[in-house]
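Commentary on secondary and tertiary structure
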Amino acid sequence: MKKILTACAIAAATLVAAPAFAQGYIGAGLGSSKISGFDNGTIAGGNTSKGTAKIFGGFQFTPNWGMEVQYSDLGRRNLTNAGVAAGSMSTSQFGLSGTGTLPMSSGFSLLGKLGVSANRTTGAASANNTGLLIGVGVAYNFTPALSARLEYEDFGKVGTVAANGSTVRANAYSLNLKYAF
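Now for a quick tour of the structure. None of the values given here were measured: they were computed from a predicted structure.

1. Digging into the overall build of the chain
Scanning the chain from terminus to terminus reveals one helix and nine strands. Across the chain, helices and strands are ordered from the amino to the carboxyl terminus as α-β-β-β-β-β-β-β-β-β. Partitioning the contacts of the chain with sequence separation of at least 6, the portion at a separation of at least 24 is 57%. In the form shown here, the chain has an accessible surface area of approximately 9,800 Å², with 68% of it arising from carbon and sulfur atoms.

Okay, structure coming up:
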């Protein structure tokens, strides 16, 4: 009976302690995105870097583990085929990922994320693809509620070049502000 009571007490303490840390957060950021894979020599303009905007929100279950959703507008690119305008394409992504945080000293943390990215390209190269979302970064906490994050994210496949079947991929660097509540 003592073992059962002890196990129940430990389980109850764990359930009570976990929500004490658990916190939601929201954030936004700006950065630079790159679409790559237009290397066949006939399509130009796709490989250029463009500005990107991102919004995200999540829940930090423990100091080390959480879950995050995000939306990123990866910009609009003008495409040319043999020097002739071939239209434009706009790319965006919606992602869901698990996050890992490794607190360091002096308010810094290392970040990692792994999840899935629903990628959408509209315009001359319209496509919908699902890819692996991988991200790494570093964060600095100004206060317990406000932090800045510098991140690199790879969103996987966003499309295919019709001329040669090569895979078009997207990635982005961003500087974000995050508010925890």
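Picking up after the structure, the text goes on.
2. Points about the packing of aromatic side chains
Scanning all chains against the criterion turns up five aromatic pairs. Here the aromatic rings of Y140 and F142 are separated by 5.3 Å at their centres, their planes lie at 80°, and the arrangement is edge-to-face. We classify Y140 as partly exposed; its relative accessible area is 32%. Taking 5.0 Å as the distance between ring centres and 50° as the angle between the ring planes, the aromatic pair formed by Y152 and Y173 counts as tilted. Of the two residues, Y152 is situated in strand β8 (residues 146-160) and Y173 in strand β9 (residues 167-180); the sequence distance between them amounts to 21 residues. Of note, K54 hangs over the ring of F56, and the distance from its end group to the ring centre comes to 5.2 Å. Sitting over the ring of Y25, K178 keeps its end group 4.4 Å from the ring centre.

3. Let's talk about the pattern of salt bridges
For the coordinates displayed, the defined rule picks out eight salt bridges. Between E151 and K54 there is a salt bridge, with the nearest N and O atoms lying 2.8 Å from each other. Placement of the pair is E151 in strand β8 and K54 in strand β3 (residues 49-60), with a sequence separation of 97 residues. Exposure remark for K54: the relative accessible area of 4% places this residue in the buried category. Where salt bridges share partners, they join K54, E68, K113, R149, E151 and E153 into one cluster.

4. A short note on the nonpolar core
Residues I35, L74, L79, M89, L133, F155, V158, V168, A170 and A172 constitute the largest nonpolar core, which totals 10 residues. Broken down by secondary-structure element, the contributors of at least two residues to this core are β4 (65-81), β8 and β9. Per-element tally for this core: the top contributor is β9, with three residues.

5. Some remarks on the pairing of β4
Taken together, the eight bridges between β3 and β4 define a ladder with antiparallel strand orientation. Across the sheet, the residue bridging to I55 is Y71, located in β4. Note that β4 and strand β5 (residues 84-103) share 15 bridges and pair antiparallel. Counterpart to N81 in the pairing with β5 is V84.

Parameters and conventions
Residues numbered from 1 in each chain as written. Predicted model: local features only at pLDDT ≥ 70, side-chain atom pairs only at ≥ 80, totals over all residues. Heavy atoms only, no water. Helix = DSSP H or I, 4+ residues; strand = E, 2+ residues; numbered from the N terminus. Contact = heavy atoms within 4.5 Å. Areas by Shrake-Rupley, 256 points an atom, 1.4 Å probe, with all protein chains shown as cover. Phe/Tyr/Trp six-rings, centres within 6.5 Å; stacked < 30°, edge-to-face > 60°. Buried < 20%, exposed > 50% of the residue type's maximum accessible area, 1.4 Å probe, protein only. Lys NZ or Arg CZ within 6 Å of the ring centre and 35° of its normal. Salt bridge = Lys/Arg side-chain N within 4 Å of Asp/Glu carboxyl O. Core = buried A, V, L, I, M, F, W, Y, C linked by side-chain atoms within 4.5 Å. Pairing = 2+ DSSP bridges.

Structural measurements only, silent on function.
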